[in-house]
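This is what each chain is made of:
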Amino acid sequence: MANFFSDNKDLQFHLGHPLMRRIVELKERGFAEKDLYDYAPQDFEDAMDSYRRVLEIAGEVCGEVIAPNAEGVDHEGPRVENDHVVYAEGTARNIDAITKAGLSGMTLPYEYDGLNFPLVCFVMANEMVSRADAGFENIWGLQDCAETLNEFASEEIKQFFLPWVSAGATCAMDLTEPDAGSDLQSVMLKATEQPDGTWLLNGVKRFITNGDADIHLVLARSEEGTKDGRGLSMFIYDKNQGGVNVRRIENKLGIKGSPTCELVYKNAKAELCGSRRMGLIKYVMALMNGARLGIAAQSVGVSEIAYREAEAYAQDRKQFGKAIIEFPAVQEILANMKAKLDASRCLLYETARYVDLYKAYEDIARERSLTPDERKEMKLYNKLADACTPLAKGLTSEYCNQNAYDCIQIHGGSGFMKDYACERVYRDARITSIYEGTTQLQVVAAIRHVFTGTYTQLIDGYKAMEISADLQAQKAIVDGLVEKYEAAVKKVHEINDPAYTDLMARHLVEMAGDCVMSYLLMTDASRYASESLTRSAKVYVNLAVANVARHCAFIDTVTPADQAIYLSLIHI
């Protein structure tokens, strides 16, 4: 039987990371609720046993149900009937299986019938679901919207909606409009307050993932006469109230099982989430950061299936009298794929741990005053999470696309045919570097951490960690890459030209990512004494050397005066 958790030692490594003890203690409030709820763990070991058991169940559902359904779902897709979505048959079976397995409300508190699991566990489940079917991850993974409700909604709203999510209700976040893509300040869906305190929503939303879900978080303009983000609020729409029709489902390149909808709101009754005017300024930013970590998990899952499909085919395919995996050119592609996958996973779970820690402190701060040391620690992890989230989303999605490309390359002509899963994987991968903020927007979010020194602070911490003797040569190489990175940052900073900085931003961010992921791979390989991660670290460092050299050469070659060339070329 296929189990996507037990067949992946790397997931088990990350579940056993030393920071998990601190995360669990904070999440469980020192196990104060162990006698209040049936599923509350008695101690750290009990908690870890629960996590493993549930993740094994998730792995089984992914391997035995979702993955076998993926091809059929891709061909059938969802459809619109009577202004609402009808899922593909395989999607309906997936939802039924994952709901019966109790895999909803994973991170929600016990009081709302949730499992109260750390985000790390939810991210692992997301990765496994994505490996099985990236499109279905967009349906199941959106339960993360409930975290925004848990953080900002009134207790009355939470008592109604959160147990529903824990019971399997599907979620959507309705942000984008035909004239407001990445520029969410331009959202114009109108919200009108009623005498009873409820609101009516009118307008159109577009590109809404899982757009006919049970529960919607909706960004709408609540303040008459405003045109910017200060006039936007967040609303909660319950599908049972009616008033929203699905105009159409987009005919997409990939992730076809996930209905991407255009929605028409006609006096749809909704409730305000949190405070007026804070929809974009506060709530959407929290929602998007969670979604971006989800896309990073989705990207790692797609990278995993791309690598496995490529390796299996290379083992089986014979050319010139031997398996193609014996050819050095193929070996190089596969080694690079594995190194990018492992580096992506290291960054993903490092980011998830930082988010877990600062979110736990934020939750505790709503219950009592934090001590000075706790507040200091919360601010540190908040900063690290804020720096790592765009790095994780941007780089893991780019590597995901590269691995999907190389998967087809390994398959040759067969990979271009629908007879093999790699063709679907390739199409599914493409969206990861686009939605929830393109890679270019992740660079915009990350570049300030280049110049404020957050990435250097991270790197300095990794430098101090113990590295195995087998990786000392690689550590010396990466130490040298850091010096080149810091010199490049200094050069761009001293030129002090905003347009030039924008042109160089991607290069600096990718250099920071190469350094961070190199250290993470080396420290994780050393911590877990993993031969596989050690080999990946050596291969990834070779890739990083080439990447940093390429970026440095660009920064050394292109001057502020050369910017006009880039501008004039696109106007020819």
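Given the structure is predicted, the values throughout are model-derived calculations rather than measurements.

Asks: Would you mind showing me how to read the pairing of strand E7 (residues 232-238) here?
Replies: Side-chain direction in a regular strand flips from residue to residue, so the side chains alternate between the two faces of the sheet. Across the seven residues of E7, seven count as buried, placing the element largely inside the fold. Of the two faces of E7, the one holding Leu232, Met234, Ile236 and Asp238 and the one holding Ser233, Phe235 and Tyr237 are both buried throughout. Relative to E7, strand E6 (residues 215-221) is paired through seven bridges, and the arrangement is antiparallel. Residue isoleucine 215 lies in a different strand from E7, and its bridge partner there is aspartate 238. Here E7 runs beside strand E9 (residues 260-273); their pairing, made up of four bridges, is antiparallel.

Asks: Any chance you could explain the side chain of serine 130 here in plain terms?
Replies: Within the secondary structure, serine 130 is located in helix H5 (residues 119-132). Serine 130 gets classed as buried once you look at its relative accessible area, which sits at 2%. Ignoring anything within four residues of it in the chain, the contact list for serine 130 reads Glu137, Ala297, Gln298, Gly301 and Val302.

Asks: Please clarify how empty space enclosed by the protein should be interpreted in this entry.
Replies: Where empty space is left can be seen by rolling a probe of water-molecule size over the atoms. Under the criterion given, the structure shown has five cavities of 30 Å³ or more. Of all the secondary structure elements, the ones that give two or more residues to the lining of the largest cavity are helix H4 (89-100) and helix H6 (134-140). Its residues assigned to classes, the lining of the largest cavity comprises six nonpolar, five polar and no charged. As for the second largest cavity, its lining consists of Pro390, Leu391, Gly394, Leu395, Glu398, Thr439, Gln442, Val443, Val509 and Glu510. Of all elements in the fold, only helix H11 (372-411), helix H13 (439-451) and helix H16 (498-527) reach the threshold of two or more residues within the lining of the second largest cavity.

Calculation criteria
- Residues numbered from 1 in each chain as written.
- Predicted model: local features only at pLDDT ≥ 70, side-chain atom pairs only at ≥ 80, totals over all residues.
- Heavy atoms only, no water.
- Buried < 20%, exposed > 50% of the residue type's maximum accessible area, 1.4 Å probe, protein only.
- Helix = DSSP H or I, 4+ residues; strand = E, 2+ residues; numbered from the N terminus.
- Pairing = 2+ DSSP bridges.
- Contact = heavy atoms within 4.5 Å.
- 1 Å grid on protein atoms, 1.4 Å probe; cavity = no way out; pocket = protein on both sides within 12 Å on 5 of 7 lines; lining within 4 Å.
- Points joined across faces, edges and corners; volume = space filled by probe spheres on them.
- Nonpolar A, V, L, I, M, F, W, Y, C, P; charged D, E, K, R; others polar.

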